[in-house]
Number of protein chains: 2
Amino acid sequence: MISDDQNADGSDPASPRSQDDMVPTLEDVARRAGVSTATVSRCLNTPERVVSDTRKRVMKVVQELGYAPNFGARALAARRTNTFGAIIPTMENAIFARGLQAFQEELGLNGITLLVASSSYSPELEEAQISALIARGADALLLIGHDRTRQSYALLDRRNIPYVVAWVFDPEMPRLSIGFDNRKAMQGLAAQVLAEGHRRIGFISAERTGNDRARDRYKGVCDAMRAAGLDPDADLQLIETEYGIGKGAQAFEKLMAATPRPTVVMCGNDVLAAGALSQARRMGIAVPGEVSITGFDDVEIAELVSPALTTVHVPHREMGRGAARLLLALRAGEGTRESVELPVEIRLRETLGPAPGTA
Amino acid sequence: MISDDQNADGSDPASPRSQDDMVPTLEDVARRAGVSTATVSRCLNTPERVVSDTRKRVMKVVQELGYAPNFGARALAARRTNTFGAIIPTMENAIFARGLQAFQEELGLNGITLLVASSSYSPELEEAQISALIARGADALLLIGHDRTRQSYALLDRRNIPYVVAWVFDPEMPRLSIGFDNRKAMQGLAAQVLAEGHRRIGFISAERTGNDRARDRYKGVCDAMRAAGLDPDADLQLIETEYGIGKGAQAFEKLMAATPRPTVVMCGNDVLAAGALSQARRMGIAVPGEVSITGFDDVEIAELVSPALTTVHVPHREMGRGAARLLLALRAGEGTRESVELPVEIRLRETLGPAPGTA
DNA sequence: TGCGTCAATGCAAGCGCTTACATGCACCTG
DNA sequence: CAGGTGCATGTAAGCGCTTGCATTGACGCA
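Keep in mind the model is a prediction, meaning the values are calculated, not measured.

(A) Quick peek at the relation of the copies chain A and chain B. Rotating chain A by 180° about the axis while translating it 0.1 Å along that axis superimposes it on chain B, leaving an RMSD of 0.1 Å. Put plainly, the chains are arranged around a two-fold axis. The rotation axis passes nearest to the C-alpha of A:G72 in chain A, at a distance of 1.9 Å. Same-surface contact between copies: 96% of interface residues of chain A are shared with the interface of chain B.

(B) Structural context of the nonpolar core. Formed by 152 residues in total, the largest nonpolar core has its most connected members in A:F103, A:F252, A:M266, A:I293, B:F103, B:F252 and B:M266. Discounting chain neighbours no more than four positions away, the residues touching A:M266 are A:M186, A:L189, A:A190, A:V193, A:I201, A:G202, A:F203, A:I204, A:V221 and A:T294. A:L155, A:Y163, B:I130 and B:I161 belong to the second largest nonpolar core, which has 32 residues in total.

(C) Expanded view of the pattern of salt bridges. Here the structure, examined in full by the defined rule, presents 36 salt bridges over all chains. A salt bridge links B:D139 to B:R331, with the shortest nitrogen-to-oxygen separation between them at 3.4 Å. Of the two residues, B:D139 sits in the loop between α6 (123-135) and β3 (140-144) while B:R331 sits in helix α14 (residues 316-331), which places them 192 residues apart along the sequence. Taking the relative accessible area as the measure of exposure, B:D139 reaches 15% and is therefore buried. A residue is classified by how much of its surface remains accessible, and B:R331, at 35% relative accessible area, is partly exposed. Where salt bridges share partners, they join A:D298, A:E345, A:R347 and A:R349 into one cluster.

(D) Fine view of the protein's contact with DNA strand C. Around DNA strand C sit 27 residues in total, of which A:L26, A:S41, A:Y67, B:T39 and B:T54 are the nearest. In the model, a phosphate oxygen of DNA strand C is placed 2.9 Å from a nitrogen or oxygen of the A:N45 side chain. Between DNA strand C and B:T54 there is a distance of 2.3 Å, counted from a phosphate oxygen to a side-chain nitrogen or oxygen. Looking at the surface near DNA strand C, the elements with two or more residues in it are α2 (37-45) and α4 (71-78) of chain A together with α2 (37-45) and α4 (71-78) of chain B. Looking at the surface near DNA strand C residue by residue, the classes come out as 13 nonpolar, 9 polar and 5 charged.

(E) Focus on the protein's contact with DNA strand D. The environment of DNA strand D is made up of 26 residues, and the closest members are A:T39, A:T54, B:L26, B:S41 and B:Y67. Taking all atoms of DNA strand D within 4 Å of the protein, the share assigned to sugar and phosphate is 65%. Contact distances for DNA strand D include 2.6 Å between a phosphate oxygen and a side-chain N or O atom of B:S41. In this structure, B:Y67 approaches DNA strand D through a side-chain N or O atom, which is 2.4 Å from a phosphate oxygen. Going through the elements one at a time, α2 and α4 of chain A together with α2 and α4 of chain B are the ones with two or more residues in the surface near DNA strand D. Of the residues contributing to the surface near DNA strand D, the split by class is 13 nonpolar, 8 polar and 5 charged.

Conventions and cut-offs
Residues numbered from 1 in each chain as written. Chains lettered and ligands numbered in written order. Predicted model: local features only at pLDDT ≥ 70, side-chain atom pairs only at ≥ 80, totals over all residues. Heavy atoms only, no water. Least-squares fit on C-alpha atoms with pLDDT ≥ 70 in both. Contact = heavy atoms within 4.5 Å. Core = buried A, V, L, I, M, F, W, Y, C linked by side-chain atoms within 4.5 Å. Buried < 20%, exposed > 50% of the residue type's maximum accessible area, 1.4 Å probe, protein only. Salt bridge = Lys/Arg side-chain N within 4 Å of Asp/Glu carboxyl O. Helix = DSSP H or I, 4+ residues; strand = E, 2+ residues; numbered from the N terminus. Near = heavy atom within 4 Å. Polar contact = N/O pair within 3.5 Å; in protein donor to acceptor, adjacent residues only side chain to side chain. Nonpolar A, V, L, I, M, F, W, Y, C, P; charged D, E, K, R; others polar.

Put into structure tokens, the structure is as follows:
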């Protein structure tokens, strides 16, 4: 027979193999401490509501048993998780890593756990991740940039999940955000470049679909060119590429093959710029003598490479910390509906010089 | 009366304010699709067990309602989460980021979600994180290095959570691990250094308490020195410092102030080495002419800096992917009890040269 | 036509916790 | 000393899901 293994023999129906691989539950603790589960729960959550004697006894048992509350059950019963989520495009990019670290530290101070997911720059994947984080009970979400599927926003709205969009500040966007104005920042840098007499500009951009930061940075360059009476269509040479030092190097090489050669190569971020720079060295092209190079973000390598990279400094840590505070306030119902614009700073270092022949 | 708000008026007992801010539940879907919750559940989990007609109807409602299963409830009922956890010392270190990315990709392929936590190199914090991840139902854990509190291991054992220790391979350790032998690797590099005639060695180490990788790397240098008849106590000058380019620079400066000066500065990782290198440039010290410098890890900047860094290449991606496979196998009950040693490779680039006066 | 079979679906018992409410007890007040 | 007060604790009803088992009904076969 198949079902004769039912315990018709009167053995205890609860613990199949008592201590062994059984995870202790609240009830186990309660039983062993001689109190009710409610009391144990209170010891864990609102210790001040339990008399010291009892509390000590309970905590001792908790220790002995190595009891850890089951998060799912807890979330289910309490309807909150003290968990925030963050979805970043990739962990490999230092700028997110750093901001996230600050974000997490700030949350940790407030007893909140952070769940991190990465979307690999794919809006569809991001949608899935949002869904996953919501299902996991994230009380609030940190998102990067404004670009995402309509459904993603719909989901967020329907569930009424507080979220903040970071790494960008676009005055036109209605959503709560904290960051800087990528377009304006890049425009500022480009203005400096133009002031050095450059007229033929190469631009190495990160992929712009689904990435409003990249798009805005590109637009910023165009803005500056137009302001200087140049035509981006004619005088700007664009290469779009994936993230990575090697990719930057390849793009730079391609740009150098053009005639006439650009006298400056502006890059969408420091990593691409670092790649460009190393390629320049490899090709024996003097920087900034023959060609100037600029980056964006001011990550650690910017200062490290030689010549040191002219770039735009972005306050990653403040962004992360600020985002955490915003979210915390939102969750607490304090109506911080104001987006925050953080200042960026152009760091003129060594890779930008006057256009050849200008001097 | 207090309890007169019971719905004695025959109104529906379920949805207090129907669509509004109510999150749809399985039951909502079921009701609306005219099936039982069991069927909806099956549609979501084992679609092949539901006839196509019903399934379509249900899925349509799922769409309409924007239903997403409550993870906690699901975990509670199903007793598994399809979630793995990883605890890394810090997200800011590129070597972890990269390995982790690969780890995550491999898990994603298998329908598993990754939860990441960082311990900031603190064993106590790590213990808390382990506990948190377990409570969250992590089915398996990725840990870095062997150093952790006794309680951490006790916890893992008691709960019978599969875990693998990565970034290290220590033949003496009984635990399942995947990585490389830090000690042996550094010994190999140090042997090369000694072969170049260096006798006075400066060593910039990451903090060694709670970090067996750092400790092992240090030991590796000592091993090599002893093998060459040197006395580490006399001929090795050690500085221990935090992680960061700036810290590496400071340490290098301190080392250079010593008399006699070391002729080579070996660093526990590339970031410290990069800092040392930039400080050398700042101080006008020729590398490798006056002082040689070595790193460890072979992260992207190693090749980027100039002169390019001599370092030890570590297969981060393979490590991440391998760890994922190990864990997956463990969870499936396949007894992969064999630790994996991954090969490292010494990358002789430009920062290591003969000791001055040796030529 | 009657019966067995089997696929599709429903029923209902929990999973481990939190918490509103009930209970019991010590102590205080008039 | 009866009755009230308030604190510490217990009782038990779910939270939203999965899943073993029961039920249903369509179909094939004798």
